[in-house]
Amino acid sequence: MSYIEWGAFEGCDNLTDINIPQNVMKIEDMTFADCTSLENIKLPEKLQEIGVKAFSNTDLKEIVIPDGTKAIDIKAFENCKNLKKLRILSAGALICSNGVLKHLKAKMAVVFRILIVLSLIYG
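Parameters and conventions
- Residues numbered from 1 in each chain as written.
- Predicted model: local features only at pLDDT ≥ 70, side-chain atom pairs only at ≥ 80, totals over all residues.
- Heavy atoms only, no water.
- Helix = DSSP H or I, 4+ residues; strand = E, 2+ residues; numbered from the N terminus.
- Buried < 20%, exposed > 50% of the residue type's maximum accessible area, 1.4 Å probe, protein only.
- Areas by Shrake-Rupley, 256 points an atom, 1.4 Å probe, with all protein chains shown as cover.
- pLDDT = per-residue confidence, 0-100.
- Contact = heavy atoms within 4.5 Å.

> Explain the overall build of the protein chain to me, using residue names and the numbers behind them.
Tallying secondary structure elements over the protein chain gives zero helices and 11 strands in all. Ordering the α and β elements of the protein chain from the N terminus gives β-β-β-β-β-β-β-β-β-β-β. Going through the 123 residues of the protein chain one by one, you find that 41% of them count as buried. Of the roughly 6,200 Å² of accessible surface on the protein chain, a fraction of 53% belongs to carbon and sulfur atoms.

> Provide a residue-level description of the confidence of the model for the protein chain, including the pertinent values.
In this model, the protein chain carries an average pLDDT of 81, and 72% of its residues clear a pLDDT of 70 or more. Within the protein chain, no element has a lower average pLDDT than strand S11 (residues 116–117), which sits at 44, and none a higher one than strand S3 (residues 26–27), at 97. Taken together, the stretch residues 113–123 has pLDDT below 50 and engages in 40 contacts with residues farther than four places along the chain or on a different chain.

The following block contains the structure:
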C-alpha cells in the first residue's frame, strides 16, 4: 500500500490513535476528516503528500511532518481546535497550499527545520 484512499477513515468517531504504516507515501483527501476523537498520529518517514482536508476537524494536539514530505494540500488541518504544535522536519522545499492551518482555535507553535514555504500557510 503506497497511499490511504480518499475518505478511508472519514467520520470514524472512535478512532483516537493511529500509526500509519511506513510504506504509505500519500494520505489522500479527507482520509481522517471528521475523526473528532483522533488525538495522536504517527506519520511514516516516506510520506510525501498530505491531501486536502486530510485531518480536518480532528482532535490532534501535535503533529510531526516527516523530512520527506513535499506537499501539504489546502485545509489539511482545518478546524483542528486543539492542535498546539506542528513540527516540520523537511530539510528541502515543502509546498504548503493556501489555508493549511485555517480556522485554528488554539495558540500554536510551528517548529521549522530548514524550510521553504511556497504559499501562505494560514490562508
